[in-house]
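A structural walkthrough
Each chain, letter by letter, is given below.
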Amino acid sequence: MEAAHHGGSTEGPAVTPTITDSHVTEVGGLLVHRALPRHGRRTVGAWCFLDRFGPEDVTPQRTMTVGPHPHTGLHTVTWLLSGSVVHTDSLGNEQSIRPGQLNLMTSGQGIAHAEDGRGQPSGVVDGVQLWLAQPEGTRHGHPSFAHHEDLPAVGLSGATATVVIGEFAGAPSPARVDWPLLGVDLAGGGILDIPLESSFEHAIAVLHGNARLDGSLASPNQLMYIGAGRAGMRLELAEDSRVLLLGGQPFTEQIVMWWNFVARSRSEIEAARAQWNEDGGRFGSVPSTLDKIEAPRPFWLP
Ligand code: MN
């Protein structure tokens, strides 16, 4: 009866939506709302980290600056709603990113990068950075970086779906995927009938406006987890909303996340930390005038 009332597109025993709030912190001089990981919700598929930065007014002098720091075992997905930031990395890439473009960095066994908004025009910076855990088969591989400006868009009644990564409604993003997953930006409003891959678990991260599903309402900086087993959903967006639809095959490998590292054990993290702090060569060096960020001491070490 619930399914019929909401459009009949639900298949099987769908999970009741559960909503978590973000943790508020600061990164690179900007306020961030961290929607993942949270107590009770560590991952959605391989999505293991979601920071929403801004919206915040910046100037060329007072803006986002994140000095050189390393990553292992993950992809970073950077997606802006407003503003511009320059990425530099230890592979020699320098790439500015603007709204509607995807920066996808793959760390594999190790990469370092910096993000610098200095020199960009004054205005509002608003965006997200997400991490995807890499599976065992690729996490020890070479690092890489890709910038995608041409992403497919799918029209839904009242909204536009931009396929950032994965495939949605038959439209594939050109971005690399190491694990079956989906990331879609939904912009607009109204009642949207959204096709879903029923083997994926899904969540909706609200950036602007709000989203309602099965009587649950999520507001900005809330994450609505809707589980797996749905072949579709009828999502109601308030006018001029902006939300991310995240999904993926449940990630079955047990990850250990600490600082900027995704690993499988504390000893792997201790090794990565030592190699970064001692400039052991694993991560290379980043051509940036910003100061290198040292890895702090893990809480489990004396
Ligand atoms: Mn980073």
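Scroll up to find the structure.
In this numbering scheme, every chain counts its residues from 1 along its sequence in written order. Residues qualify for local features only when their pLDDT is at least 70, as the model is predicted, and side-chain atom pairs are given and counted only at 80 or more; totals for whole chains, interfaces and linings, by contrast, use all residues. Hydrogens are left out, water is left out, and the side-chain values use all remaining heavy atoms of the structure.

1. Observations regarding the overall build of the chain
Short version of the rule: The way it works is that DSSP assigns letters per residue, a run of H or I at least four long becomes a helix, a run of E at least two long becomes a strand, and they are numbered from the N terminus. As a reference, a globule follows 2.2 Å times the number of residues to the power 0.38, and the radius of gyration itself is taken over C-alpha atoms. Burial classes: relative accessible area under 20% of the type maximum marks a residue as buried, over 50% as exposed, and values in between as partly exposed (1.4 Å probe, protein chains only).
Looking only at helices and strands, the chain has three helices and 24 strands in total. Computed over the C-alpha atoms, the radius of gyration of the chain is 19 Å, within 12% of the 19 Å expected from 2.2 N^0.38 for a compact globule of 302 residues. Along the first, second and third principal axes, the C-alpha atoms of the chain reach 60 × 40 × 35 Å. Burial status across the chain gives 51% buried among its 302 residues.

2. Here's the deal with the coordination of the manganese ion
Stated precisely, the cut-off is as follows: A 2.8 Å cut-off from the metal defines N, O and S donors, relaxed to 3.2 Å for Na, K and Ca; water is not in the atom list, so some sites may appear incomplete.
Within the protein, the manganese ion binds to His-69 (NE2), His-71 (NE2) and His-113 (NE2); these donor distances fall in the range 2.1 Å. Each donor residue of the manganese ion belongs to the same chain, and together they define the spacing H-x1-H-x41-H. On the criterion of sequence distance, the pair formed by His-71 in strand β5 (residues 65-71) and His-113 in strand β10 (residues 111-116) is long-range, its members being 42 residues apart. For the pair His-71 and His-113, one class covers both residues: buried.

3. Comments concerning the pattern of salt bridges
Filter applied, for reference: Salt bridge, as used here: a side-chain nitrogen of Lys or Arg that lies within 4 Å of a carboxyl oxygen of Asp or Glu.
Counted under the stated rule, the structure contains 14 salt bridges. Salt-bridge contacts for Asp-116 lead to Arg-118; the nearest nitrogen and oxygen are separated by 2.7 Å. With relative accessibility at 15%, the residue Asp-116 sits in the buried group. Arg-264 is the salt-bridge partner of Glu-136, the closest N and O atoms lying 3.9 Å from each other.

4. Considerations on the sheet that holds β5
Threshold: Any two strands between which DSSP finds at least two bridges are classified as paired. Every angle, taken between N-to-C directions, lies between 0 and 180 degrees, and every axis is a line fitted to C-alpha atoms, over only the stretch in contact when it is a helix.
Across the sheet, four strands lie side by side as β5-β10-β7-β8; this open sheet has antiparallel pairing. The open sheet is flanked by β5 and β8 (94-97), the only strands paired with a single partner. Recorded for the sheet is a direction-independent mean angle of 20° between the axes of neighbouring strands. Sheet topology places β5 next to β10; five bridges connect them, and they run antiparallel. Pairing of His-69 across the sheet is with His-113, part of β10.

5. Digging into the nonpolar core
Basically, it comes down to this: Side-chain atoms within 4.5 Å are what join buried Ala, Val, Leu, Ile, Met, Phe, Trp, Tyr and Cys residues into a set we call a nonpolar core. Contacts are residue-level and defined by heavy atoms, with any inter-residue pair within 4.5 Å sufficient.
Grouped together as the largest cluster of nonpolar side chains are 34 residues, with contacts concentrated most on Trp-47, Leu-50, Val-77, Leu-130 and Leu-244. No other element matches the five residues that strand β11 (residues 123-133) contributes to this core. For Val-77, the residues in contact, after removing those within four places along its chain, are Trp-47, Leu-102, Asn-103, Leu-104, Val-128, Gln-129, Leu-130, Leu-132 and Val-164. Core analysis: the second largest hydrophobic core is formed by 26 residues, Leu-196, Phe-200, Ala-218 and Val-243 among them.

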